[in-house]
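Observations on the three-dimensional arrangement
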Amino acid sequence: MTLRRYVLKRLLLLVPVLFGVSVITFSIMHLVPGDIIDIMIGLNPEAEEQLGDQLREEYHLDKPLWEQYLFWVRDAIMLDFGRSPILGDVSAVIASRLPATILLGAAGWIIAMVIAIPSGIYAAVNKDDLADDVSRVAALLGIATPNFWLGLILILVFALWLDLFPVLPPSDTHLLAPEMLWFLILPAVTIGTASTALLMRIMRSSMIEELNKDYVRTARAKGLHERTVILKHVLRNSLISVVTVAALMTASIVDGAVVVEVVFSWPGLGETLVTSINRRDIFAVQAIVLLVGVAIVIANLLADIIYALLDPRIRY
Amino acid sequence: MSNSDNSGNTTRRNLLKGMSAVSVASATGLAGCAGLEDDEAELSEALELIQEGFEEEGIEAPFETTIVTNADNDDRVEWVGLIQEVLDDTEFFEVERETFEWGTYVQRILDPEYAEENEIYAVGLAAGFDPDAFVRATQHPDRQGACCNGHGFSDEELTELIDDGRFDPDIFTDHDTRRAHYDELQRLSVRLSGVSFVNFSQQHDVYDPDVLQDWETYPGSSSKLIKGLYAPESGAAASIDRDDNELVVGLPENVNNFDPINIDDTTAATTVRTLIYEGLTTYDFDGNVHGQLAEDWEQLDETTYRFHLREGVEFHNGEELTTDLIEPSWWRYAGSPREPDVFEWLAHERDDDGQVIRDSMGVEAIDDYTVEITFQEPDATALPSVGNGVVIPQELIDGDTDPTETPIGTGPYQFEEFRDDDLYRVESFDDHWFEGDGDVPAEPNIERVSCRIIREDASRTAALLDGDIDFTYGLGSDDVVEFRDDRDDFEVQSTTADGYDYVGWPVEHGPFGNAKVRRGVSALIPRDLIAEQVFQGLVDPAVTPVSPMVEAFTDSDLRQSIRDEELPATE
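A short tour of the structure in this document, coming up. (Residues numbered from 1 in each chain as written. Chains lettered and ligands numbered in written order. Predicted model: local features only at pLDDT ≥ 70, side-chain atom pairs only at ≥ 80, totals over all residues. Heavy atoms only, no water.)

1. Structural notes on the overall build of chain B
- The helix and strand tally for chain B stands at 18 helices and 22 strands.
- The principal-axis extent of the C-alpha atoms belonging to chain B is close to 75 × 60 × 40 Å.
- In chain B, which comprises 571 residues, the share counted as buried stands at 65%.
- Of the accessible surface of chain B, which amounts to about 19,000 Å², a share of 37% is contributed by carbon and sulfur atoms.
- For chain B, the distance from the average position of its 37 positive side-chain charges to the average position of its 132 negative side-chain charges is 1 Å. (Helix = DSSP H or I, 4+ residues; strand = E, 2+ residues; numbered from the N terminus. Buried < 20%, exposed > 50% of the residue type's maximum accessible area, 1.4 Å probe, protein only. Areas by Shrake-Rupley, 256 points an atom, 1.4 Å probe, with all protein chains shown as cover. Lys, Arg positive; Asp, Glu negative; His and termini not counted. Charge placed at Lys NZ, Arg CZ, Asp CG, Glu CD.)

Below, the structure written as structure tokens:
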């Protein structure tokens, strides 16, 4: 199977996966206790009675379930997620808040990669040395630290004691302004820490596994420089499991954002999600959950493609 | 009127009754801890009452119910947990707990149909300077579906007492008579316990005094921010010692609403209602009524007043204030969550569907600056009530601009910017009518007020310590105590707020329809434990409704005697 065919096949496989994601997200509306329209308007003293029927019609809730689903999917594909009674046009709110979350997530992800891969390699090469022990303890701490707590501690130390950062994001500037990027460091570290720790351990163990393989001995035997052996041969082969984990990290970074954004008052989607859940704002929750689901599916697709690039043997 | 010794509760996320406030006192009592013993002879008085009530209603214990509150107020969530525990321990009840986001929560409990829910709700109320608001808001049947009688509790005798206290001139024209009337009324209110009061809220402003200067915390929570910033009638005008002349406020909550007819919580009242909008009259810091848009007035007969508006008052959009804007501005209140602001006192008639007939409203413009206002009946709170209805420009009345997004008023600050859940900003309005006097300049000293919305208490505290914000309020009690005791760079100003935290019993459900049961459970509320443990001693336990701030109508002896005599013993 050529790489192109493989990619095509993976893309086709997306269809059932996305179908599953959409069905689950769609059913949120029907799984919440009580009638969704009652939740939306029933507790609004201004709402008039016919408004319920009107909304029911507008959201096709008077139709059979499968038809409702099709309408919903059509709207979702058109990026129309309905009007939330509080936020207004859900798509517009997401569009205004999504960039901040992507920026935060990407920064966290980059921090994780940049720290985890070299330190994982270093720990593997120096297995059972002091460096390895240090990395093990650090990884354990990193995984065990709840991110909201870490965020507060970072604020305390780096913003209050050392005064290197502001506590709040600058308010009158765009996302990519230098002071915004500077502020981004603490939340990005907070969100990236757990992933860094996990990734570092994965990097280390798959590296050690590879180091014990025959081809490594061969490479060394033929007199290759150790540096070449590690970076050229071993690294490439150990990256496969790292790629899997890095793709899955997308999920943990997204749910980390929910907490971290609140702690750092970061104007992203995570904060909106928390508020919307508390408000029982179904349309907003649905839209964000769907978005997260799709993001994770796509991250996994990318991981699959990168596998194939890294290891030509992989063609399922 | 501030009282930092027994200061307390964060009043953030309170429901808002009126715009008003006065002083201090304390109450004590017994912590309620009780368990249903096997040996019935050992039942406390309170539990006996509950048992009798269950028997009278023919209800088997345990009765299942839910206690609800808003998730974002840590202190409140904690004391609600204590009440839940105490009720569970009686074994008469099985209580679940549920929390909601504030905006959702308010809509929920102010829904006219809320009585159908089998829920004990817990919330705070900000009431003002007049004793009427403290009892009317939570116990008058007209306040079901408006602020703040969630379950529509009503009792004929109590309703009559409430109405007489405000509308019967034989009672309200003489202070001693009115005071005695409210003594009796409060006693009956506690005996019936349709809602139970938990503590008298306190307000804490925390700020850096090197930056924010001449700040004075307004007694009472309702309109605090503007009153401290700029209150000509009280001679208050804060200033800021920094070149940008911008005050950065850390708000604990999002601003939910910009339309005055929908503003039903203290955050929006603090930042929108009183910064941007004005009414004909207002209160000063001591609870005296002053003209705001009205320059002066005279009473024509028992129910009619003639008001003379200030001439040349401009709205933020350049329109001029004239008397013909009053009627359409007020008519908008009909059917809104703030309906009582206007239609509780203004003479009007309704058609068969209960809609207010516009031509029947007691507002008659004599000329551009003179208006006669007719009240439904002689009203103890006539003058301050008139100030509750704000006046908006034609642009908003016609709907050319949507007041839910862009507020336009006559106030000393005008709307500049709002980013949902992030930032709300106003700037001073140069053409505000006030021309300045010895104490207060013609325009606010502080040019601009930026409110950053920071829900997380710890982040808000850090932002204040770091100087990212200059001022905040609504911190949890732990943080307030720390700022007060350990951080000399910061100032904590505390006042008794004009309200209370309370729980509303689901009077339409099971045993809660029985007054004995309600009295029993009311006695079980561990008020002293809550005051000490949750609020670090910063609040006074409350059994009676009228806040110690309104000292002309309550005192600690009265509160103690009502507590001793009307609530059964819990041990």
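2. A few points about the interface of chain A and chain B
- Contact with chain A, which involves 28 residues of that partner, is made by 33 residues of chain B.
- Of the roughly 2,600 Å² buried at the junction of chain A and chain B (both faces included), carbon and sulfur atoms supply 49%.
- On inspection of chain A and its partner chain B, the count reaches zero salt bridges.
- Counting the contacts that link chain A with chain B gives six residue pairs in polar contact (both at pLDDT 80 or more).
- Elements that contribute at least two residues to the side of chain A that touches chain B include exactly α7 (147–161), α10 (226–263) and α11 (269–278) of chain A.
- Of all the elements, α7 of chain A adds the most residues to the side of chain A that touches chain B, at four residues.
- Taken together, the residues that form the side of chain A that touches chain B break down as 15 nonpolar, six polar and seven charged. (Contact = heavy atoms within 4.5 Å. Buried area = accessible area lost by both parts, 1.4 Å probe. Salt bridge = Lys/Arg side-chain N within 4 Å of Asp/Glu carboxyl O. Polar contact = N/O pair within 3.5 Å; in protein donor to acceptor, adjacent residues only side chain to side chain. Nonpolar A, V, L, I, M, F, W, Y, C, P; charged D, E, K, R; others polar.)

3. Points about the packing of helix α5 (residues 90–125) of chain A against α10 of chain A
Residue and element names in this part refer to chain A.
- Close contact between α5 and α10 brings their axes to 9 Å; oriented N to C, the two are set at 145 degrees. You can see that α5 and α10 cross each other, and the crossing is right-handed. On α10, the residues touching T101, L104, G105, G108, W109, A112, M113, I117, I121 and V125 of α5 are I230, L231, L235, L239, A246, M249, I253, A257, V260 and E261. (Axes fitted to C-alpha atoms, helices over the stretch in contact; angles between N-to-C directions. Left-handed = near helix turned anticlockwise from the far one by under 90°.)

4. Remarks on the pattern of salt bridges
- According to the stated counting rule, one finds 46 salt bridges over all chains in the structure shown.
- In this structure, the salt-bridge partner of K213 of chain A is E210 of chain A, at a minimum N-O distance of 3.1 Å.
- Note on K213 of chain A: relative accessible area 34%, which makes it partly exposed.
- We note a salt bridge from R419 of chain B to E417 of chain B, for which the minimum N-O separation is 2.8 Å.
- Through salt bridges that share partners, D132, R136, R143, D163, R166, E344 and D379 of chain B make up one connected network.

5. Some remarks on helix α3 (residues 102–109) of chain B
- The buried fraction of α3 of chain B is high, at seven of eight residues.
- By the burial criterion, the buried members of α3 of chain B are W102, G103, T104, Y105, V106, R108 and I109 of chain B.

6. Notes on a nonpolar patch on the surface
Residue and element names in this part refer to chain A.
- Residues L156, F158, W161, L162, L164, W182 and I185 make up a contiguous nonpolar surface patch of about 680 Å² in total accessible area.
- Of all the secondary-structure elements, those providing two or more residues to the nonpolar patch are α7 and α8 (178–211).
- When residues of the nonpolar patch are assigned to their parent elements, the largest contribution, three residues, is made by α7.
- Since its relative accessible area comes to 30%, F158 is described here as partly exposed. (Patch = residues over 30% accessible without salt bridge, like charges linked within 9 Å, V, L, I, M, F, W, Y side chains within 5 Å.)

7. Notes on unusual backbone geometry
Residues and elements named next belong to chain B.
- Here A61 and P62 are connected by a cis peptide whose omega angle stands at 0 degrees.
- The phi angle at N245 is positive, at roughly 55 degrees, despite the residue not being glycine.
- When you line up the elements, N245 lands in the loop between β9 (239–240) and β10 (246–251).
- Classification of N245 as partly exposed rests on a relative accessible area of 22%.
- Notably, D421 is not glycine yet its phi reads approximately 65 degrees, a positive angle.
- Relative accessible area serves as the criterion here: at 4%, D421 is assigned to the buried category.

8. So, the state of the cysteines
Residues and elements named next belong to chain B.
- Summed over all chains, the structure comprises one disulfide over all chains.
- Disulfide pairing places C147 opposite C148 at an S-S distance of 1.5 Å. C148 matches C147 in its accessibility class, with the two residues each being buried. (Disulfide = S-S within 2.5 Å.)

9. Focus: the pairing of strand β21 (residues 491–504) of chain B
Residue and element names in this part refer to chain B.
- Of all 14 residues making up β21, 13 are buried, and the element is well covered by its neighbours.
- As defined by bridge partners, strand β5 (residues 195–207) adjoins β21 across 11 bridges and the pair is classed as antiparallel. Residue F200 lies in a different strand from β21, and its bridge partner there is Y500. (Pairing = 2+ DSSP bridges.)

10. Here's the deal with the packing of helix α4 (residues 131–139) of chain B against helix α7 (residues 175–192) of chain B
Residues and elements named next belong to chain B.
- With their axes 11 Å apart at the nearest point, α4 and α7 run at an angle of 30 degrees to one another. One way to sum up the angle between α4 and α7 is to call them roughly parallel. For the pair α4 and α7, the crossing hand works out as left-handed. Facing P131, D132, V135 and Q139 of α4, the residues of α7 in contact are R178, Y182, L185 and S189.
- Looking at the contact of α4 with α7, its residues break down into four nonpolar, two polar and two charged. (Parallel < 35°, antiparallel > 145°, perpendicular 65-115°, else oblique.)

11. Some points on a negative patch on the surface
Residue and element names in this part refer to chain B.
- Residues E295, D296, E311, E320, D324, D367 and D368 make up a contiguous surface patch of negative charge.
- Assignment of secondary structure puts D324 in the loop between β14 (304–309) and α10 (326–331).
- We classify D324 as partly exposed; its relative accessible area is 49%.

12. Regarding the environment of Q355 of chain B
- Position of Q355 of chain B relative to the elements: it lies in the loop between α11 (340–343) and β15 (363–367).
- Taking the C-alpha atoms as reference points, Q355 of chain B and G335 of chain B, separated by 20 residues in sequence, lie 7.8 Å from one another.

13. Some words on the packing of aromatic side chains
All names here are of chain B.
- Under the defined criterion, the tally for this structure stands at 35 aromatic pairs over all chains.
- For the ring pair W330 and W345, a centre distance of 5.4 Å and an interplane angle of 85 degrees mean the geometry is edge-to-face. Residue W330 is found in helix α10, and its partner W345 is found in the loop between α11 and β15; the two are separated by 15 residues along the sequence. When sorted by exposure, W330 lands in the same class as W345, which is buried.
- Put simply, the rings of F54, F63, F92, F93, W505 and F512 touch in pairs and so form one group of aromatic residues.
- The positively charged end of R487 is found above the aromatic ring belonging to F483, 5.9 Å away from the centroid. (Phe/Tyr/Trp six-rings, centres within 6.5 Å; stacked < 30°, edge-to-face > 60°. Lys NZ or Arg CZ within 6 Å of the ring centre and 35° of its normal.)

14. Focus on the nonpolar core
- Core analysis: the biggest nonpolar cluster contains 69 residues, and L199, M207 and W266 of chain A have the highest contact counts within it.
- Within the residue set of this core, elements represented by two or more residues are α5, α7, α8, α9 (214–221), α10 and α12 (282–310) of chain A together with α14 (457–466) and α15 (477–486) of chain B.
- If you tally residues by element for this core, the top one is α10 of chain A, at 16 residues.
- In contact with W266 of chain A, not counting residues within four places along its chain, are A100, T101, L103, L104, P169, L175, M180, F183, L184, E261 and E271 of chain A.
- In terms of nonpolar packing, the next biggest core, distinct from the first, is built from 67 residues, V249, F258, Y369 and C451 of chain B among them. (Core = buried A, V, L, I, M, F, W, Y, C linked by side-chain atoms within 4.5 Å.)

15. Side note on α4 of chain B
All names here are of chain B.
- For α4, the tally of buried residues reaches nine of nine residues, placing the bulk of the element in the interior.
- Listed as buried for α4 are P131, D132, A133, F134, V135, R136, A137, T138 and Q139.
- In this structure, the buried residues of α4 make contact with β4 (119–126), α5 (156–167), α7, β5 and β21.
- Between the side-chain oxygen of the N-cap and the backbone nitrogen of D132 there are 2.9 Å, and the N-cap of α4 in question is D130.

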